[in-house]
Amino acid sequence: MKVERVAITEDAIKIVKQLQEKYGELIFHQSGGCCDGSSPMIFEKGEMYLDDSDIFLGELSGVKYYMNQDQFEYWKHTHLTIGITKGRGSSFSLEIPLGIRFIIHSRILTDEENKILNG
Amino acid sequence: MSYSKPEFKEKYGNFINGKFVDPVGGEYFDNTSPIDNSHIAKYPRSQKEDVDNAVAAANAAKDAWGNTSATERATLLNKVADIIEANLEEFAIMETCDNGKPIRETINADIPLSVDHWRYFAAVIRAEEGSATELDEHTLSMNIKEPLGVVAQIIPWNFPLLMLSWKLPPALAAGNCVVLKPAEQTPSTATLLMEKIAEVFPPGVVNVIHGFGPEAGKPLASHSKVNKVAFTGETTTGQLIMQYASKNLNPVTMELGGKSPNIFFNSVMDEDDAFLDKAIEGAVLFAFNQGEVCTCPSRLLVQEDIYDKFMERVIARTKAIIQDNPYDSSTMVGAQASNDQYEKILSYINIGKEEGAKVLIGGEACKLEGDLSNGFYVQPTILEGHNKMRVFQEEIFGPVVAVTKFKDEAEALEIANDTLYGLGAGVWTRDAHQLYQIPRAIKAGRVWVNCYHAYPAHAPFGGYKKSGFGRENHLMMMNYYRQTKNMLISYDKNKLGFF
């Protein structure tokens, strides 16, 4: 069994593919804070400066998903699934003009998953 | 008393160079009301060309505006305040329609506070002075405060006109021209304001651009002809804006939210009096503005020996909240601002339950009748748990509070400061020592002591840690919008003697 921190729904994959056709290589970055915080944001690769403080969580439909390490400390016991919902977030995330938003659904990692992923 | 949805035009333009113009690309987006998900009007889906036009208009206007007297600028800021005040109800109804917040809030808080921020900065520039120092008998150092030039401002959807009124007045008072982008969820009152004040400022001094973040927000935030960017929102966009600013070597101010602790020490229950009543209300303020406040007191910390009795009263007060049609003046909690916000909040309540948090009240969507059944309502919710849970660490931006107990002062502080953010906090006690020492030990930019959710002009507001930097609502904000010209003047007739 392969254990992952992140997953993506079929609906969300369709949107990712649509954006990949338009923009090429993409990344997800998990936001925090107010307003549209806590939403996953999708950008062209290279748009956002990433370094060792950004934790790589996994790759979804060819898109690498990152989160800042400080935030990761509070999130690492949970499994995240990226889905979509109708709506209009206000950020620079590329799906916004489509009238939909990526959204995170979370569940607690099982004991076994937690052991493998977090030691 | 009950109000109803106001009339709107079919579509609106961007406000550039003193007049309303269509977007260059001719595209619009539909704005809807979260009250019943009904259509409001079309607003411009601006692109880079529209942003370029607005920035060019601001640049063309900046020299003349930067040279106006403080008297003149103050007079115009006061004029804006008078216009908003004279149309208070119209602004309030439109804000309720666009954002979903109850009419009693827009009438009593959002709009009157907006008026006051314009007046405050009008007053500030009449009273403040520069400085001069005689460095020696022949040498004078004179400091003149000069505007930066053109400022870009990107504001959120939770208090649309109020956030505009936190941002625009200090920038204009300092002598800058501004290009402002309202959030795409709530473009209405910024547009109404431009209609009402179209003639107040010279063309190009104030410009408002509508559109989506990646299409209009990014070109504005990264524009090479902009001299400063002010942003309120979340951390990822904050980081991106700082990156763009670094390319232009521009200053920025950031307000990026929080996860504010509201701490109740046991002495609040020493008497059953007006103060205890105030404290109970203070705990229930998590539901104010549907929880869509950067400083929402979304972590409730209660001392263990009063926990059961105190929470019993907090739950009873929460149960008494009237959640209904936002146009009705008896309604206390209205709709969340958008569908994605609504979905996100419900998803958080779910993860809270998964993590083992106990639902003390609420915990679900609120189903209203008729047209309102299409709106986005969430029940005020109290979750009991511990500070490592995600519902204690992330800004849910909904009417959801996470409550936990603490033993003593040390534990209260440990929990309060165990967060990435540091925007607001509340401390409630009758103990004179705690009143001072606890707020000093909390790492946050605003600590409300025996009160919460007051935002008067004249009290600086801003964050520690990942909540950002900059201090709004206060004259110190002026210095984030200008630079210091130092004139070093010699009154000595004699040469140095070097050459």
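These numbers were taken from a predicted model, which means no experiment stands behind them. (Residues numbered from 1 in each chain as written. Chains lettered and ligands numbered in written order. Predicted model: local features only at pLDDT ≥ 70, side-chain atom pairs only at ≥ 80, totals over all residues. Heavy atoms only, no water.)

Our focus in this paragraph is the overall build of chain A. Counting its regular elements, chain A contains 3 helices and 7 strands. Secondary structure elements of chain A, listed N to C terminal, follow the sequence β-α-β-β-β-β-α-β-β-α. Against the compact-globule benchmark of 14 Å for 119 residues, chain A has a radius of gyration of 14 Å, which places it among compact chains. By principal-axis analysis of the C-alpha atoms, chain A measures approximately 40 × 30 × 25 Å. Within chain A, buried positions represent 56% of all 119 residues. Expressed as a percentage of contacts within chain A between residues at least 6 apart in sequence, the contacts between residues at least 24 apart total 57%. Carbon together with sulfur atoms contributes 48% to the accessible area of chain A, which is approximately 5300 Å² in total. (Helix = DSSP H or I, 4+ residues; strand = E, 2+ residues; numbered from the N terminus. Rg over C-alpha atoms; globule rule 2.2 N^0.38 Å. Buried < 20%, exposed > 50% of the residue type's maximum accessible area, 1.4 Å probe, protein only. Contact = heavy atoms within 4.5 Å. Areas by Shrake-Rupley, 256 points an atom, 1.4 Å probe, with all protein chains shown as cover.)

On to a nonpolar patch on the surface, then. Taken together, the side chains of Leu 496, Phe 498 and Phe 499 of chain B present a nonpolar region at the surface, about 540 Å² in accessible area. Secondary-structure assignment places Leu 496 of chain B in the segment after β22 (482-490). (Patch = residues over 30% accessible without salt bridge, like charges linked within 9 Å, V, L, I, M, F, W, Y side chains within 5 Å. Salt bridge = Lys/Arg side-chain N within 4 Å of Asp/Glu carboxyl O.)

Attention now moves to the sheet that holds strand β16 (residues 400-406) of chain B. Residues and elements named next belong to chain B. What the 7 strands build is an open sheet, ordered β14-β15-β16-β13-β12-β18-β19; its pairing is mixed. If you trace the sheet from one side to the other, it starts and ends with β14 (358-361) and β19 (446-449), each paired once. Mean inter-strand twist for the sheet, computed between neighbouring axes without regard to direction, equals 25 degrees. On the sheet, helix α9 (residues 274-284) packs against β12 (261-264), β13 (299-303) and β18 (424-428) and is oriented at approximately 155 degrees with respect to β12. (Pairing = 2+ DSSP bridges. Axes fitted to C-alpha atoms, helices over the stretch in contact; angles between N-to-C directions.)

To continue, consider the nonpolar core. Counting 141 residues, the largest nonpolar core has Trp 118, Leu 172, Leu 193, Phe 201 and Phe 310 of chain B as the members making the most contacts within it. With near-sequence residues (within four places) excluded, Leu 193 of chain B lies in contact with Val 80, Ile 84, Phe 91, Trp 118, Leu 161 and Leu 164 of chain B. Counting 42 residues, the second largest nonpolar core, distinct from the first, contains Leu 57, Val 63 and Ile 104 of chain A together with Leu 383 of chain B. (Core = buried A, V, L, I, M, F, W, Y, C linked by side-chain atoms within 4.5 Å.)

Moving on, we get to the interface of chain A and chain B. Counting from both sides, the interface comprises 43 residues of chain A and, opposite them, 51 residues of chain B. Taken together, the two surfaces of chain A and chain B that pack against each other cover about 3800 Å², and 56% of this comes from carbon and sulfur. Broken down residue by residue, the surface that chain A buries against chain B is led by Tyr 74, Arg 88 and Phe 92 of chain A, which jointly contribute 24%. Joining chain A to chain B, the criterion identifies 2 salt bridges. The residue Lys 218 of chain B makes a salt bridge to Glu 47 of chain A at a minimum N-O spacing of 3.1 Å. Sorting the residues of the side of chain A that touches chain B by element identifies β2 (26-30), β3 (40-44), α2 (69-75), β6 (78-86) and β7 (100-108) of chain A as the ones contributing at least two each. (Buried area = accessible area lost by both parts, 1.4 Å probe.)

What follows deals with empty space enclosed by the protein. Within the structure shown, the criterion is met by 8 cavities of 30 Å³ or more. Its boundaries defined by the atoms lining it, the largest cavity holds a volume of some 130 Å³. What lines the largest cavity is a set of 18 residues, and nearest its centre among them are Ser 90 and Ser 91 of chain A together with Ile 154, Ile 155 and Phe 231 of chain B. Elements with a contribution of two residues or more to the lining of the largest cavity: α7 (213-221) and β10 (228-232) of chain B. Residue classes in the lining of the largest cavity are distributed as 8 nonpolar, 7 polar and 3 charged. Lining the second largest cavity are Cys 35, Asp 36, Ser 38, Ser 39, Thr 85, Arg 101, Phe 102, Ile 103 and Ile 104 of chain A together with Asp 340, Gln 341 and Lys 344 of chain B. Where the lining of the second largest cavity is concerned, the elements lending two or more residues are β7 of chain A together with α11 (339-354) of chain B. In terms of residue count, the dominant contributor to the lining of the second largest cavity is β7 of chain A (4 residues). Residues that form the lining of the second largest cavity fall into these classes: 4 nonpolar, 4 polar and 4 charged. (1 Å grid on protein atoms, 1.4 Å probe; cavity = no way out; pocket = protein on both sides within 12 Å on 5 of 7 lines; lining within 4 Å. Points joined across faces, edges and corners; volume = space filled by probe spheres on them. Nonpolar A, V, L, I, M, F, W, Y, C, P; charged D, E, K, R; others polar.)

What follows concerns the state of the cysteines. Residues and elements named next belong to chain B. For the structure shown, the criterion picks out 0 disulfides over all chains. Cys 366 takes part in no disulfide bond, and the closest cysteine sulfur, belonging to Cys 296, lies 17 Å away. Exposure remark for Cys 366: the relative accessible area of 14% places this residue in the buried category. (Disulfide = S-S within 2.5 Å.)

Confidence in the prediction for chain B averages 97 pLDDT; 100% of positions are at 70 or higher. Prediction confidence for the complex, expressed as pTM and ipTM, is 0.96 and 0.94 respectively. (pLDDT = per-residue confidence, 0-100.)

Now for unusual backbone geometry. Residues and elements named next belong to chain B. Phi at Asn 450 takes a positive value of approximately 55 degrees, unusual for a residue other than glycine. Structurally, the position occupied by Asn 450 is in the loop between β19 and β20 (464-465). Looking at Asn 450, the relative accessible area reads 14%, which means it is buried. Positive phi, close to 95 degrees, is recorded for His 458, a residue that is not glycine. Looking at the secondary structure, you find His 458 in the loop between β19 and β20.

Let's shift gears to the environment of Lys 115 of chain A. All names here are of chain A. Relative to the helices and strands, Lys 115 is located in helix α3 (residues 111-118). Residue class for Lys 115 comes out exposed when judged on its relative accessible area of 65%. Considered as a pair, Lys 115 and Gly 58 are 57 residues apart in the sequence and their alpha carbons are 17 Å apart.

So, on to the side chain of Asn 99 of chain B. Residues and elements named next belong to chain B. Here Asn 99 is to be found in helix α3 (residues 88-99). Owing to a relative accessible area of 0%, Asn 99 belongs among the buried residues under this scheme. A polar contact is formed between the side chain of Asn 99 and the backbone nitrogen of Lys 101, at a distance of 3.2 Å. Within the local environment of Asn 99, its side chain forms a polar contact with the backbone oxygen of Asn 158, the two atoms lying 3.5 Å apart. With residues up to four places along the chain from it excluded, the contact list for Asn 99 reads Pro 34, Trp 157, Asn 158, Pro 160, Thr 186, Gln 290, Glu 292, Ala 335, Gln 336 and Ala 337. (Polar contact = N/O pair within 3.5 Å; in protein donor to acceptor, adjacent residues only side chain to side chain.)

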